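Structural overview for review
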Amino acid sequence: MYSVYINERLLKICQDKETLSGSDLVFRLSGDEPVSFIKELVYSFEKQPQLLNMTIATLNIDKTWETFIQSYTLIEAAGGLVFNDENLLLMIFRKNKWDLPKGKIEPGEQPDEAALREVIEECGLQQLTLKKQIATTYHTYLLKKERILKRTYWFKMTSNDTELLPQADEGITEVCWKSRTEIKNLISNTYAGIAGLLVQQDLT
């Protein structure tokens with residue numbers, strides 16, 4: 001199953017045989033629909049803000065996903081869920097929302113290399129250890145009228161640095177370690193995709 005956050009709301013693309021529950025709107029597809037048809041489904045979801053989630057159930061998830069991607073310009077990014085020895089999570093405060101350190105993958109970079117670089121740059125860490133990839137998330141946005149689909153690779157990392165330096169030129173005003181209780185209290189002031197990732201990783 002693929003989960004894509006569109007305007008802070010959730011679109012799921014799944015196999016038709018999967019259990020469907022909790023969706024405000026469900027479409028069942030054969031998997032051979034053209035790009036124009038998929039675009040219209042997404043537009044209909046975007047134009048109905050009262051719908052919090054929509055599911056596309058398809059007989060051919062790989063083909064439907066490939067068709068969905070063709071509706072966008074794909075940008076790839078990478079980031080980290082960084083924990084210390086006390087199992088606290090490193091979070092940043094940017095644009096008045098709590099977030100996780102991440103950024104675009106540069107040409108020639110591998111996702112894990114980009115994730116390490118972005119976490120170091122955004123948080124000012126000196127010691128950082130990469131563990132493993134733990135998730136991939138998707139969200140969409142408009143950039144100068146261009147429809148963007150961002151795929152972000154997330155890696156688990158560890159660090160015990162106490163001297164943290166927010167990257168001011170990226171709009172980051174705070175970097176700090178957060179407990180599960182603190183994460184639970186701040187999750188209402190983060191992006192839907194980040195909140196979904198934190199829930200998926202059982203951090204709330």
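Presented here is an overview of the structure given in this document. (Residues numbered from 1 in each chain as written. Predicted model: local features only at pLDDT ≥ 70, side-chain atom pairs only at ≥ 80, totals over all residues. Heavy atoms only, no water.)

1. Remarks on the overall build of the chain
Quick note on the threshold: The numbering of helices and of strands both runs from the N terminus, where a helix is a DSSP run of H or I of at least 4 residues and a strand a run of E of at least 2. Radius of gyration here uses only the C-alpha atoms, and the compact-globule reference equals 2.2 Å multiplied by the residue count raised to the power 0.38. Computed with the Shrake-Rupley method and a 1.4 Å probe, the accessible areas treat only the protein chains shown as cover for residues. A residue counts as positive if it is Lys or Arg and as negative if it is Asp or Glu; His and the chain ends are not included. Here the site of a charge means NZ on Lys, CZ on Arg, CG on Asp, or CD on Glu.
Each helix and strand in the chain was counted, giving five helices and 11 strands. For the chain, whose C-alpha radius of gyration is 18 Å, the value lies close to the compact-globule estimate of 17 Å for 204 residues. With respect to the principal axes defined by its C-alpha atoms, the chain has extents near 55 × 40 × 30 Å. For the chain, the accessible surface area stands at approximately 10,800 Å², while carbon and sulfur atoms represent 48% of it. In the chain, 24 positive and 29 negative side-chain charges are present, and the distance between their average locations comes to 5 Å.

2. Here we look at the side chain of E118
What counts is decided by this rule: We call two N or O atoms a polar contact when they sit within 3.5 Å, provided that within protein one can donate a hydrogen and the other can accept it, with sequence-adjacent residues counted only if both atoms are side-chain atoms. In what follows, residue pairs with any heavy atoms lying within 4.5 Å of each other are defined as contacts.
If you trace the backbone, E118 turns up in helix α3 (residues 111-123). One polar contact links E118 to R117, side chain to side chain, over a distance of 3.0 Å. Discounting chain neighbours no more than four positions away, the residues touching E118 are A78, K102, G103 and K104.

3. Notes on the packing of helix α1 (residues 35-46) against helix α2 (residues 61-69)
Selection criterion: Whenever a helix is involved, its axis is fitted only over the stretch in contact; in every case the axis is a line through C-alpha atoms, and angles between N-to-C directions fall within 0 to 180 degrees. Here is the rule for angles: anything less than 35 degrees is roughly parallel, anything more than 145 is roughly antiparallel, 65 through 115 is roughly perpendicular, and the remaining ranges are oblique. Ten residues, namely Ala, Val, Leu, Ile, Met, Phe, Trp, Tyr, Cys and Pro, are considered nonpolar, four, namely Asp, Glu, Lys and Arg, are considered charged, and the remaining ones, Gly among them, are considered polar.
One way to put it is that α1 packs onto α2 with a least axis distance of 9 Å and a crossing angle of 75 degrees. Relative to α2, the element α1 lies roughly perpendicular. Here α1 contributes V35, I38 and V42 to the contact with α2, which in turn contributes T64, T67 and F68. Class assignment of the residues belonging to the contact of α1 with α2 gives a composition of four nonpolar, two polar and no charged.

4. Structural notes on the pattern of salt bridges
As a reminder, the rule being used: Criterion for a salt bridge: a side-chain nitrogen of Lys or Arg within 4 Å of a carboxyl oxygen of Asp or Glu. Exposure classes here rest on a 1.4 Å probe applied to the protein chains alone. A residue is buried below 20% of its type maximum, exposed above 50%, and partly exposed in between.
Enumeration according to the criterion identifies nine salt bridges in this entry. Note that D99 and K102 form a salt bridge whose closest N and O atoms lie 2.7 Å from each other. Owing to a relative accessible area of 3%, D99 belongs among the buried residues under this scheme. What emerges from the salt-bridge pattern is a single network uniting R94, D99, K102 and E122.

5. A few points about the pairing of strand β2 (residues 9-15)
Worth spelling out the cut-off: Whether two strands pair depends on DSSP finding at least two bridges between them.
For β2, the tally of buried residues reaches five of seven residues, placing the bulk of the element in the interior. By the bridge criterion, five bridges tie strand β1 (residues 2-6) to β2 in an arrangement that is antiparallel. From the neighbouring strand, Y5 faces β2, where its bridge partner is L10. Between β1 and β2, which pair antiparallel and follow one another directly, the connecting turn spans two residues, one of which, N7, has a positive phi of 55 degrees. With six bridges joining them, β2 and strand β4 (residues 53-58) adopt parallel strand pairing. Each residue of the ladder has a partner; that of C14, found in β4, is A57.

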